[in-house]
Structures are given as structure tokens and as C-alpha cells.
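One letter stands for each residue in the lines below.
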Amino acid sequence: MPGAAQLIAHLQEICGSEHVHTHPHALAPYQSDGLAQYRQRPLAAVLPGTAAQVRAVVRACFEAGVPWVARGSGTGLSGGALPLADGILIVLARMRRILEVDLRNSRVVVEPGVTNLAVSRAVAPSHFYPPDPSSQLVCSIGGNIAENSGGAHCFKYGFTTNYVTALDVVLSDGSEARFERDAPGYDLLGAFVGSEGTLGVATAIELRVVPAPESVRTLVAFFEDTASAGQAVSAIVAAGIVPGAIEMMDRLSIRAAEQATGAGYRLDAGAALLVELDGPREECRQRFEQVATLCARAGALDLRVALDAAERELIWKTRKAAFGAMGRVAPAYFVQDGVIPRTRLAEVLERIDQLAAAYGLQVANVFHAGDGNLHPLVCYDSSRPGEAERAERLAGEIIKSCVEAGGSITGEHGVGVDKKAYMPTMFAEPDLDAFHRLRCAFDPVGLANPGKVMPTPRLCGEVPGPFREHPLEREGVAVRF
Amino acid sequence: MALLAGATKVLTPASAQEAAVMLAEAAAAGGRVRFRGGGTKLGWGVAVDGDWVELDVGRLNRTLEHNVGDLTAIFEAGVPLARAQAQLAAAGQRLALDPPDGGATIGGVFATGDAGPLRHRYGAPRDLILGITVALSDGTIARAGGKVIKNVAGYDLAKLFTGAFGTLGLILSVSVRLHPLPEAQVSARGVAADPGRLVEVVLALSAAPLELEALDVAWSGGRGAVLAQVAGAKARRRADRVAALMRERGLQEVEAITEDEPLWAAQRAGQRTHAGALVRVGARASELPAIIAAADAARGTLVGRGGVGAFYLDCAPAALPELLRSLPARAHPVLLDAPPELRVSPEQVWGAPEPRALELMRQIKRRFDPAGACNPGVFVGGI
């Protein structure tokens, strides 16, 4: 690729050659994010250490006309950090400093490579940072910004976008901008969070933190099937209770997770419902008793209440181990992230069971019962001919069922590469065009994480003015929509 | 509200489709279009003379969906907020948004990003919106988001249009997240003449794990108050805890109040001008004394969200320069409610945004409204 060597030399000048990797062995760890089925080595991986270096790197790419992908910890589950063969991978992992902790004003400022859990730890024990993806020990705040990450506590507490109060951003032309909540003008902050690295890269992030709850009570209830567990959830919501977290696991995922953790989850149960109440002690106690009653009324076989922090930890450990533990019951699986209106849960789960039976495959289910975010785990054995392809088709059917039920193709993992083909099931052409207008306003040349989110490649027209053919159009490589 | 020079042609579409067509036609004819819901905030933004086509969305007033078990609803833009709340209350729910009402519509509340005391716990309109349907000036009708609480598919155009003052297009309907109506609400209130004491109470209450619904301050004539609301089955007991904290930290006349609606109505009333010029200010919670000092310098009054740092300062127009001069550097003052002769330039109303951010906003505006038909000149930077 013409100019590649020059660009790489320039990047080495900016970051130091020890932080620019081009050798295939050095690039191997960066070729995938959390979705190992997508693999691609970039032209080079560069690890800037400061915001100034990030700016200079992006500027260098802009001047060379070379696209780039930003990567945090590489734990994403939609291939959002999948590199481009002819692009640079900008890895933010070295930028791990917590820049400011201001508990008086309930705020912290961090670099993008800081892990999610590190934020909560920095403000503990009086405060915590609520968006808590299961990968929080490893996943980075920068990545959380890109995906608008949620986590188990988001039904009550909200998502990353509700907690970001300011961003310093490098835009695709290498310029810098600052977005603040409540600054007059368009909500650029709100547009940027969840934009999957396609509008720029954040170099400093201000987050809101909140007081840690006074009281936390956790139980896990076992039910004969997901339908009755679902009824318990409905009753809880109808009672006006907003639990801190409410998670469900089905028989298959219970089995896998229990094998991994030995926490004592019942293997004869069709469903496990983990409910956590948190808040002021008076409210918490009363709500908790209500929840226990409602679970019993919905037919719970058994109710285990965490009596101390260690037991609470174990109950959660099992839930969080579910994805990783699936390897014990299936050689491989696709992780999905569909959302449905909670009231459609029983119906969609039944549909998934029917589909799984029709495809002759097993689907385990772990999900955030409060907000209807399902994580179907479509299991397969790639050593059996055609099974991987069947599993992929089944995964697609499941996504479509979610959209048909009034839901979404992704609740927290993002579209990335993994789900862009499904964007048209949710959005019509005018909607996709509107998304594209926003993206072009930020990145008219298309250098920031191209090939992600949008289902088909599009160019950004000049707005307004006389028509000018883009070089790629002239070459017959791209078409203007 | 003073009338400006220029003629207004009012159109009243009967449906979202018709509204989209009318907008496109007006834009194609080179017209300047603005949108009217309850007409309560047309006097916000830069006062621009000239002829307008006014799209009155009063007939787009249906509740499209209310999904009780899912805690979501979809409202057309012309639904009055009060009617929406009444409907939701019948099912024991609410949209946790309590700006000053006066006949405001859902569309107007979201287009201006107006909020009230519940902002403390539940956020601003942008934190409650799940999805949006909009009409653009080129005839496009587009949707973003959805109707589920958790959704990261696509770009968050719902947030982009929220607070955009109709400059990107017409909001046709919004999908929102609901909350259960609390069983009981009790407030606690205490007063002090020392801003330092007030801010320490606010900070202590912000840091306490009390899950307050609202945490407000008020200041007038050398005296101020901290107000806090709790909600839930044990509201009274928790309000007593709040009151105890207030007393511990030296507030006077501390009391728990069960009939607290008038208290909060007064806070909301303080978000509209009485003296002639109302400025909205953003600041850190710890900066309250500096904001109070600015109010004093202008002999004005203040209400606002003490914990969040969103304040409203009301003063006489003649005192406005003094007020603005006295505010801390980072305060982003916005002249929200004032006579047109004070709202002549974008800088006077909106301040000067960060240049690169403003450039991005111009690009966004150009792409969503290439004809420049949607509320031109009214917004930040004269967009």
C-alpha cells in the first residue's frame, strides 16, 4: 500500500517505535475483540500514551487517508474493534490514569483505558459507578463509551450515556473538541456515546458517580420453568418495585454455570431468578420481603437469600460465569444480545425453544429480566458438518423474533460488524439515511471505524453545492446513494 | 409575549404524514418554519423577525402506545404533558419529568429539554427518551431508537433532537421510559442566610445514600432554603432522616412536609421570569455560593437543582450585564426567558460555544436541514 511505510514511520515518531507493532506475531493479540470468530490483522497497531499522541496519530492517518479503528480492552462482543486490513488499530490500553476524583461534586475524570471496575474502586466505599458490564474487571471506559454499555444494574440505574458528563474527543480530521452535558447547542455528547467509535475517539472522560446504596439484599429463586419465573418478574414490576438487578437463567445455563462455580444453584430448576434490592435501608427491607412473597406466589420451588457479602458474591459469580461456562456444555456458541419488551418474554422464549428444536440445536438463555435484554447462547459443534452455519441462521432467526416482538437487535453489545446485516430488520432506509447524515457530519471522509454499524458502505455527499465525483466513484469502487 | 415584525401563516396538520408534507412544501418554497405545541416557549431563543410558517401540532395528540407492563409509552408531539401524566397516573405510572407546565406539550418539552425538580433523580428529557420519529425539511420521515428501555442499535438521534429547538426537524412522536408512581412523597426543608451552610447541606445530602427524588435550593433577598423530597412506602421515616441531617448541619426552621406540592410548584415557578430576565446556568454543586453571589449582585432570585448544578436566576433586565459578569467562568449561561429586545444576538442568548463543537453543529444542521428551513437563526451560533 503506497505511503504505508511512511505513515508507520510517522506513527513511530509520535509514539515511540516500541509502541508501534507491525510484526504478525506482535499483532496477533489485536486481531479480534471478544468475538473470536472475526479475525483481522491491521496494518499496524499503535499504543499512544497521551491525548496529544492520540491526536497526532489520528491526524497522521487523516493526512495519509488511512482509516483506523480504536480499541480499549478488546472485550467487545460485536466485533466493534475488529481491525481493518489496510487500517491502523489505535489501542488505548496504555492510557490508564485516573485524572481526577472529586467526590464532593460526585465526579471523576479518567483516561479511556481505565477499566470500568477501577472507576468504582476509585470512589469506593462511599460512591460507585453504576454501569457494570459483566466484563467490568477488564473492559475499558472508552469501550463503554463506544457501546453505551449497560450491565446488570442498568434497569434501575441507567446506562453509560446517563453518567457521562463531559468528553474530550479527537475527531477524524485530528482536531479536538470538548462535549459537555448541558452545554448550549446540540447534544453532541449524547450522539457520541454509543456511536461505536465511528464519530471519533475519546481521550478524557468525565463521569458522574453516585452514593453506594446503604443496603443491599440479594436472593436467588428457583422455578420450574422460565414462564413462572417470568410471572414473578411481572408481579414485581406491577408492584411498582424497581430492583437494583433482576437476572434470569434457564436450565442449560444454570447447569453450565453451576459446574463452573459450585455455588449451589439447583440443577433440577427450569429457571433461576436473581433479584437484588438496593437502596435506603427502610425501603430495601420492605421491598425485599415483598419480592420474596411474590416469588413464592409465582411458584418458586426454593428461595436462597444471601446472608452476607460472601454469599452475595457467590450468587453473582454464578450468573457472571454463565457465558464463559457454556464451554462446558457446548464446544462453541454464539452470544446474542436481543431485547424484547419484557411483557413478551414468555412468548419469545417459547419461540426460541421452537426455533432451536427446528434447527436441532441447543440455546441457553441468560438475561436481564427487568429490561428484556436476552443473551441467547446458540450452541454448536463445528466438527459436525454444517452445524456452525445452521447455528448462525438460527441466531439470525432469534434476532428477527426479537425485532418482531417490538424489541431491538442489540441491548448493550453494539452492532459492530456482527449485527450490521440485521440493521435493516429494525430500521428502514430513511432511518439508516438519517444515521448516515450524523456520521457524515462528524467524519465526512469515512476514516473512523468504517465498516461498522451501517449495513452497506456509503459515501458522504457534499452538502450542499455542485456534484463532485469522489475518486472511489471514478475508479468504480464505490457507488453514491 | 411581544409580537415581532413579520407575518405568520399557521398550518394545522391533522396527522404526522400531513405535517411532514407541509414541512417539506414550506421548505421547498424557501419558507422559514417553526413548530408550535402549547406555545409556551416560543419566546425562547434568539428573537428573529420576518415571516414564518408555523406548524401547529395540536392535532398530533394521540397516545400511540402505553405499555404498562414494560414501563414505556409513545406519545405524539402534540399531547399535552398534563394529559399524558393523567393517563399514566391512572395506571400507577408517570413520566418522571416535571417542568413548569402551563399547557406545554410533549414535543415542546423534549424540543427544549425543559426539566423540573425530578431532574435530580430521573435526569433531563434526554435521559428519559427511548426513541423518536421526526420529519425533516426534505420530506423524510425517520425513526431512531425504539420502544424498549435497553437499546443501542444505531445512532442516538433521539438525544440529538432533544433540546435542538426544532432546528433539525419536527418531532412527530417520542417513545419514553416510565416509572412507577410513588406510594407516598414527603419533603424536608430548612433555611439559612449563609450560602456556605446551604451548599454544605446540599453536598451532604448528595453524598448520602438516601435516593432523593429531588434536591433543590432557593435563594431570595439574602436568605435561602434547601428542599429535598423522598418517595416510597417509608417516605416519612426517610424524610425525618433528611430533616435530622439538615438540623445537624445548621439549617433553621427545619421541617418535614407531607403536603409538599406547593413547595415544588414554587420551585417550578421560579424557572420562569418574574423580574424580566431569566438565565439558566450550569455549574458544579460546590459552586452554589458563587452562583448565589451572582444572583445577589444582580439583586435577583435563584431556584434550581442543587445536587445536579442546574440553576435558574431571575433578575431585572437592567441587571443582566451585572449578573453575567459575576458568574463563574464555566457556567454556560443561557438567557431563557426574556423580552425580545434582550434576545437579539445568538451570543446574548446562548453564549459562545466551543468553536469546534459549533462547527460540528453546523455540519449536522446542514445535513439534516439543507434548506435551512427549520427555526433558522433561533439557536446557538445563529443556526
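Residues numbered from 1 in each chain as written. Chains lettered and ligands numbered in written order. Predicted model: local features only at pLDDT ≥ 70, side-chain atom pairs only at ≥ 80, totals over all residues.

For the rest of this paragraph, the subject is the overall build of chain B. The secondary structure content of chain B amounts to 13 helices and 18 strands. For 383 residues, the compact-globule estimate of 2.2 N^0.38 gives 21 Å, and the C-alpha radius of gyration of chain B, at 21 Å, lies within 12% of that figure. Overall, the C-alpha framework of chain B stretches about 65 × 50 × 35 Å when taken along its three principal axes. Burial statistics for chain B: of 383 residues in total, 61% are counted as buried. Put simply, 70% of the contacts in chain B that link residues at least 6 apart link residues at least 24 apart. (Helix = DSSP H or I, 4+ residues; strand = E, 2+ residues; numbered from the N terminus. Rg over C-alpha atoms; globule rule 2.2 N^0.38 Å. Buried ≥ 20, exposed ≤ 12 C-beta atoms within 10 Å, placed from the backbone. Contact = placed C-beta atoms within 7 Å.)

Looking only at helices and strands, chain A has 16 helices and 18 strands in total. Against the compact-globule benchmark of 23 Å for 481 residues, chain A has a radius of gyration of 23 Å, which places it among compact chains. Judged by the C-alpha coordinates and their principal axes, chain A covers about 65 × 60 × 45 Å. Counting every position in chain A, which comprises 481 residues, the buried fraction comes to 57%. Taking as baseline every contact in chain A between residues at least 6 positions apart, the subset at least 24 positions apart corresponds to 69%.

Okay, the confidence of the model for chain B next. The predicted coordinates ought not to be read in detail in places where the model reports low pLDDT. Mean pLDDT for chain B: 96, with 99% of residues reaching 70 or above. Scored as a whole, the predicted complex attains pTM 0.95, and scored at its interfaces, ipTM 0.97. (pLDDT = per-residue confidence, 0-100.)

So, on to the interface of chain A and chain B. In many analyses, interface size is given as the accessible surface area lost on bringing the parts together. Facing the 73 residues of chain A at the interface are 64 residues of chain B. Looking at the side of chain A that touches chain B, the elements that each hand over two or more residues are helix H6 (154–157), strand E9 (176–180), helix H7 (188–192), helix H8 (226–238), helix H10 (281–297), helix H14 (423–426) and helix H15 (429–442) of chain A. A per-element tally of the side of chain A that touches chain B places H15(A) first, with ten residues.

With that settled, the discussion passes to helix H8 (residues 235–248) of chain B. Compared with an ideal rise of 1.5 Å per residue, which puts 14 residues at 20 Å, H8(B) spans 20 Å between its outermost C-alpha atoms and is within 8% of the ideal. Looking at the packing, one finds that the buried side of H8(B) touches H10 of chain A together with strand E11 (185–192), helix H7 (195–207), strand E13 (223–231) and strand E14 (252–257) of chain B. Gly250(B) sits one or two residues past H8(B) and shows a positive phi near 90°. (Expected span 1.5 Å × (residues − 1).)

Okay, the domain arrangement of chain A next. Residue and element names in this part refer to chain A. The assigned domain composition of chain A is domain 1 (4–91), domain 2 (98–211), domain 3 (214–325), domain 4 (330–418) and domain 5 (429–474). The C-alpha centroid of domain 4 is placed 29 Å from the C-alpha centroid of domain 2. Taken together, the contact pairs seven residues of domain 2 with nine residues of domain 4. (Domains from an automatic or database assignment.)

The subject of this paragraph is the environment of Gly108(B). Residue and element names in this part refer to chain B. Checked against the element boundaries, glycine 108 lands in helix H3 (residues 106–112). Taking C-alpha positions, glycine 108 is 32 Å from alanine 235, a pair spaced 127 residues apart along the chain. Sequence-distant contacts of glycine 108, that is, excluding residues within four places in its chain, are made with Gly37, Gly38, Thr40 and Lys41.

Our next topic: the sheet that holds strand E8 (residues 164–170) of chain A. Residues and elements named next belong to chain A. The sheet built from five strands is open, its strands ordered E5-E6-E10-E8-E9 with antiparallel pairing. Of all strands in the sheet, those with a lone pairing partner are strand E5 (98–102) and E9, marking the two edges. Neighbour to neighbour, the strand axes of the sheet diverge by 10° on average, direction disregarded. Where E8 meets strand E10 (residues 201–208), six bridges bridge the pair, whose relative direction is antiparallel. By the bridge assignment for E10, valine 164 is matched with leucine 207. (Pairing = 2+ DSSP bridges. Axes fitted to C-alpha atoms, helices over the stretch in contact; angles between N-to-C directions.)

Quick look at the pairing of strand E14 (residues 271–279) of chain A now. Residues and elements named next belong to chain A. When you tally the buried positions in E14, you get nine out of nine residues, the bulk of the element. Where burial is concerned, the two faces of E14 agree: the one with Ala271, Leu273, Val275, Leu277 and Gly279 and the one with Ala272, Leu274, Glu276 and Asp278 are both buried. As judged from the nine bridges shared by strand E12 (residues 215–223) and E14, these two strands associate in the antiparallel manner. Paired with arginine 217 across the strands is leucine 277, a residue of E14.

On to the sheet that holds strand E17 (residues 310–315) of chain B. Residues and elements named next belong to chain B. Strand order in the open sheet formed by eight strands is E14-E11-E13-E12-E16-E17-E15-E18, and the pairing between neighbours is antiparallel. Taken across any chain shown, the strands that pair with only one partner, and hence form the sheet edges, are E14 and strand E18 (334–337). Put simply, the sheet's adjacent strands are angled 20° from each other on average, direction ignored. Judged from the six bridges that link them, strand E15 (residues 277–282) and E17 form a sheet pairing that is antiparallel. Note that in E17 the partner of leucine 278 across the bridge is aspartate 314. In the packing of H7 onto the sheet, the strands contacted are E11, strand E12 (214–220) and E13, and the crossing angle to E13 comes to about 15°.

Core analysis: the biggest nonpolar cluster contains 290 residues, and Val46(A), Ile90(A), Ala272(A), Leu273(A), Val378(A) and Val202(B) have the highest contact counts within it. With residues up to four places along the chain from it excluded, the contact list for Ala272(A) reads Val220(A), Phe222(A), Met248(A), Met249(A), Ile254(A) and Tyr265(A). (Core = buried A, V, L, I, M, F, W, Y, C linked by C-beta atoms within 7 Å.)

Once that is clear, we can look at the packing of helix H12 (residues 345–359) of chain A against helix H13 (residues 387–404) of chain A. Residue and element names in this part refer to chain A. H13 packs onto H12 with a crossing angle of 160° between their chain directions and a minimal axis gap of 10 Å. Our classification of the angle between H12 and H13 gives roughly antiparallel. For the pair H12 and H13, the sense of crossing is right-handed. Between H12, through Val348, Arg351, Ile352, Leu355, Ala356 and Tyr359, and H13, the contact on the second element is made entirely by Arg390, Leu394, Glu397, Ile398, Ser401 and Cys402. Residue classes in the contact of H12 with H13 are distributed as eight nonpolar, one polar and three charged. (Parallel < 35°, antiparallel > 145°, perpendicular 65-115°, else oblique. Left-handed = near helix turned anticlockwise from the far one by under 90°. Nonpolar A, V, L, I, M, F, W, Y, C, P; charged D, E, K, R; others polar.)

Residues and elements named next belong to chain B. Assigned domains of chain B: these are domain 1 (1–181), domain 2 (185–265) and domain 3 (270–350). The gap between the C-alpha centroids of domain 2 and domain 3 is 23 Å. If you look at the interface, domain 2 gives 15 residues, while domain 3 gives 14 residues. Only H7, E12 and E13 provide two or more residues apiece to the side of domain 2 that touches domain 3.

Here we take up H7(B). Residues and elements named next belong to chain B. With 13 residues, H7 should reach 18 Å at 1.5 Å per residue; the first-to-last C-alpha distance of 18 Å fits that figure. Those residues of H7 not exposed but buried are Pro195, Leu198, Val199, Glu200, Val201, Val202, Leu203, Leu205 and Ser206. Turning to H7, the residues buried within the fold contact E11, E12, E13, H8 and helix H10 (288–297).

So, on to the packing of H8(A) against H10(A). Residues and elements named next belong to chain A. Remark: H8 packs on H10, axes separated minimally by 9 Å, with the N-to-C direction vectors making an angle of 140°. The two elements H8 and H10 cross, and the hand of that crossing is right-handed. Where H8 approaches H10, its residues Ala232, Ala235 and Ile236 are matched on the opposing element by Val291, Leu294, Cys295 and Arg297. Within the contact of H8 with H10, the residues separate by chemical class into six nonpolar, no polar and one charged.

All names here are of chain A. Proline 125 follows alanine 124 through a cis peptide bond whose omega is -5°. Relative to the elements of secondary structure, proline 125 occurs in the loop between helix H4 (116–123) and strand E7 (127–128). One non-glycine residue, serine 106, lies in the positive phi region at around 55°. Within the secondary structure, serine 106 is located in the loop between E5 and strand E6 (107–110). For asparagine 449, which is not glycine, the phi dihedral falls at a positive 50°.

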